[in-house]
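Spelled out from the first residue to the last, the chains are:
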Amino acid sequence: LYFLETYYEPFKDLNNAKIFDNSGIRFSYTSSARRPNNAGIITIGIQPIWTHIIPPGFRKVTSIGYCSGKSNEHAFPADGITIVGVQMQTHEMGRSIKVRLVRDGRELPPIAQDHNLDSEYLEYRMVNKGIRVLPGDDLMVECAYDSYDKSKLTLGGYEAHQEICQATLVYYPRQEHLTSCQSKPKTKNFLKSLNIEKLKNSPPFTIELPSKYAGKTLEEHLKTYDWKTEFDHFERISKTSPFD
């Protein structure tokens, strides 16, 4: 079973011209011997949901997604996998992205990075010699955004007005246990980054503590939060707190 999912951006300045798309999947077959390994893909980064927050009005906002060694140590084969291609993706606010690799507490050279990111130009970049990733290695995707011209908060998601931070790795040999490895902040730490001490755990998610925010909904709090004053606190908690 194969499944193709395509996302479209709204076309501009085309005077209602019709656009035709021929996206699809091409299958090939051969009578020669089977290749020794099958390739697989794994997506890593930040879970694209509303807990991924990008405050407005800043030249640089950094977000980091994790695939911890604890997540892959029982999925990857004992001698590891070899990365041969990478696709890195943000939406329009993304300015740079880096796929990082940490082994035994020591950071190795990046698997891939791009400091001139163009969200409309997506490609798989080949890794010439291949990069070995062992069970227990930590993988991270670090994204930098420019929200300076934004007046409203941006949340994570797949739609064009939302943001993502993810990389898709092409590797061999294919394993069947792990195809997506994305992180999100633990709820307690997410609230802490917004200076919320206690929140009702049911819609509309009203703040109980601290008293200066009591009675406001989480949505209202996010819209009226003083990001200029609290940004450093928010980013420090976001970068250093445990995650799921």
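Residues numbered from 1 in each chain as written. Predicted model: local features only at pLDDT ≥ 70, side-chain atom pairs only at ≥ 80, totals over all residues. Heavy atoms only, no water.

**Considering the pairing of strand β4 (residues 81-89)**
- Most of β4 sits inside the fold, with eight of its nine residues counted as buried.
- Across seven bridges, the pairing between β4 and strand β10 (residues 166-172) is antiparallel. Note that in β10 the partner of Gly-85 across the bridge is Val-170. (Buried < 20%, exposed > 50% of the residue type's maximum accessible area, 1.4 Å probe, protein only. Helix = DSSP H or I, 4+ residues; strand = E, 2+ residues; numbered from the N terminus. Pairing = 2+ DSSP bridges.)

**Examining the environment of Asp-118**
- Along the polypeptide, Asp-118 turns up in the loop between β6 (106-114) and β7 (125-133).
- You can call Asp-118 partly exposed: its relative accessible area is 43%.
- Once the C-alpha coordinates of Asp-118 and Pro-48 are considered, the two residues, 70 residues apart in sequence, prove to be 19 Å apart.

**Observations regarding the pairing of β6**
- Pairing between strand β5 (residues 94-103) and β6: six bridges, direction antiparallel. Opposite Leu-101, over in β6, you have Leu-108 as the bridge partner.
- Linkage of β5 to β6, two consecutive antiparallel strands, is achieved through a turn of two residues, within which Asp-104 is found at a positive phi near 55°.

**Quick word on the sheet that holds strand β8 (residues 138-145)**
- What the four strands build is an open sheet, ordered β3-β8-β5-β6; its pairing is antiparallel. The open sheet has two free edges, formed respectively by β3 (61-67) and β6, since each of these has just one partner strand. The mean inter-strand angle of the sheet, taken between neighbouring strand axes irrespective of direction, is 20°.
- As paired elements, β5 and β8 share eight bridges and run antiparallel to each other. In the sheet register, Gly-94 faces β8, and the bridge partner there is Tyr-145. (Axes fitted to C-alpha atoms, helices over the stretch in contact; angles between N-to-C directions.)

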